[in-house]
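# An overview of the molecular structure
As a plain string of letters, each chain reads:
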Amino acid sequence: MGHTSDPDKDVAKAFYQLDFYLKILHLPFRVKDLYRRVYQKRLGDYYTDEWIDELSSDPDVVKSIHEPFTTQTIVETLMHTGHEPIIRALLREMRRRKIGFTQAYIMGINPYHDQ
């Protein structure tokens, strides 16, 4: 992700890669769910999440699955681009669903980080 100077593209890739992890780990929530929880109330009538569905139609974003990435690089990208609320929502969801330390560690996320 860090090879481009386009922060919007980096965010798109990070969201796509995070969704990939959530899917392969068979977690019962996806990036779109987290995004909705964080931004729907804040943005009100301006809220839209259709762009998340469109990530899979961007060849550069889809190819990012084959680039080297970890949950740590995903979290760092989202944190550095103003999407800390998504990370907080992810951590809350993990706690709510009682996803323990071992599962979180495998995902590369510190479940005790409460920003």
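Residues numbered from 1 in each chain as written. Predicted model: local features only at pLDDT ≥ 70, side-chain atom pairs only at ≥ 80, totals over all residues. Heavy atoms only, no water.

## Some remarks on the overall build of the protein
When helices and strands are tallied, the protein shows seven helices and zero strands. Each helix and strand of the protein, ordered N terminal to C terminal, gives the series α-α-α-α-α-α-α. Going through the 115 residues of the protein one by one, you find that 40% of them count as buried. Once local pairs closer than 6 in sequence are excluded, the contacts in the protein between residues at least 24 apart make up 62%. (Helix = DSSP H or I, 4+ residues; strand = E, 2+ residues; numbered from the N terminus. Buried < 20%, exposed > 50% of the residue type's maximum accessible area, 1.4 Å probe, protein only. Contact = heavy atoms within 4.5 Å.)

## Some points on the pattern of salt bridges
With the rule as written, the count across this model stands at 12 salt bridges. For Asp 49, the salt bridge is made with Lys 32, and the minimal N-O distance between the two is 3.7 Å. Of this pair, Asp 49 sits in the loop between helix 2 (31–43) and helix 3 (50–54) while Lys 32 is found in helix 2, placing the two residues 17 residues apart along the sequence. For Asp 49, a relative accessible area of 8% translates into the label buried. Arg 36 is the partner of Asp 33 in a salt bridge, and the nearest nitrogen-oxygen pair spans 3.3 Å. Of this pair, Asp 33 and Arg 36 both sit in helix 2, separated by three residues, roughly a single helical turn. A residue is classified by how much of its surface remains accessible, and Arg 36, at 31% relative accessible area, is partly exposed. Where salt bridges share partners, they join Lys 32, Asp 33, Arg 36, Asp 49 and Asp 53 into one cluster. (Salt bridge = Lys/Arg side-chain N within 4 Å of Asp/Glu carboxyl O.)

## Quick word on the nonpolar core
Core analysis: the biggest nonpolar cluster contains 29 residues, and Phe 15, Leu 22 and Leu 78 have the highest contact counts within it. Considering every element that reaches this core, the biggest residue donor is helix 1 (residues 7–24), with seven residues. Look past the residues within four positions of Leu 78 in its chain and what remains in contact with it is Val 11, Ala 14, Phe 15, Leu 18, His 83, Glu 84, Ile 86 and Ile 87. (Core = buried A, V, L, I, M, F, W, Y, C linked by side-chain atoms within 4.5 Å.)

## Quick word on the layout of surface pockets
Approximately 230 Å³ is the volume attributed to the largest pocket. Lining the largest pocket we find 13 residues, and of these Tyr 16, Asp 19, Arg 30, Ile 52 and Ser 56 sit closest to its centre. Counting residues per element, the ones that place at least two in the lining of the largest pocket are helix 1, helix 2 and helix 3. At five residues, the largest contribution of residues to the lining of the largest pocket is made by helix 1. (1 Å grid on protein atoms, 1.4 Å probe; cavity = no way out; pocket = protein on both sides within 12 Å on 5 of 7 lines; lining within 4 Å. Points joined across faces, edges and corners; volume = space filled by probe spheres on them.)

## Some details on the packing of helix 2 against helix 6 (residues 84–96)
In the contact formed by helix 2 and helix 6, the axes pass within 8 Å of each other and the chain directions differ by 125°. Comparing the axis directions of helix 2 and helix 6 gives the class oblique. You can see that helix 2 and helix 6 cross each other, and the crossing is right-handed. Residues Leu 34, Tyr 35, Arg 37, Val 38, Tyr 39 and Arg 42 of helix 2 pack against Pro 85, Ile 86, Arg 88, Ala 89, Leu 90 and Glu 93 of helix 6. (Axes fitted to C-alpha atoms, helices over the stretch in contact; angles between N-to-C directions. Parallel < 35°, antiparallel > 145°, perpendicular 65-115°, else oblique. Left-handed = near helix turned anticlockwise from the far one by under 90°.)

## Re unusual backbone geometry
With a phi angle near 55°, His 26 is a residue other than glycine that sits in the positive phi range. For His 26, the position within the fold is in the loop between helix 1 and helix 2. What makes His 26 exposed here is its relative accessible area of 71%.

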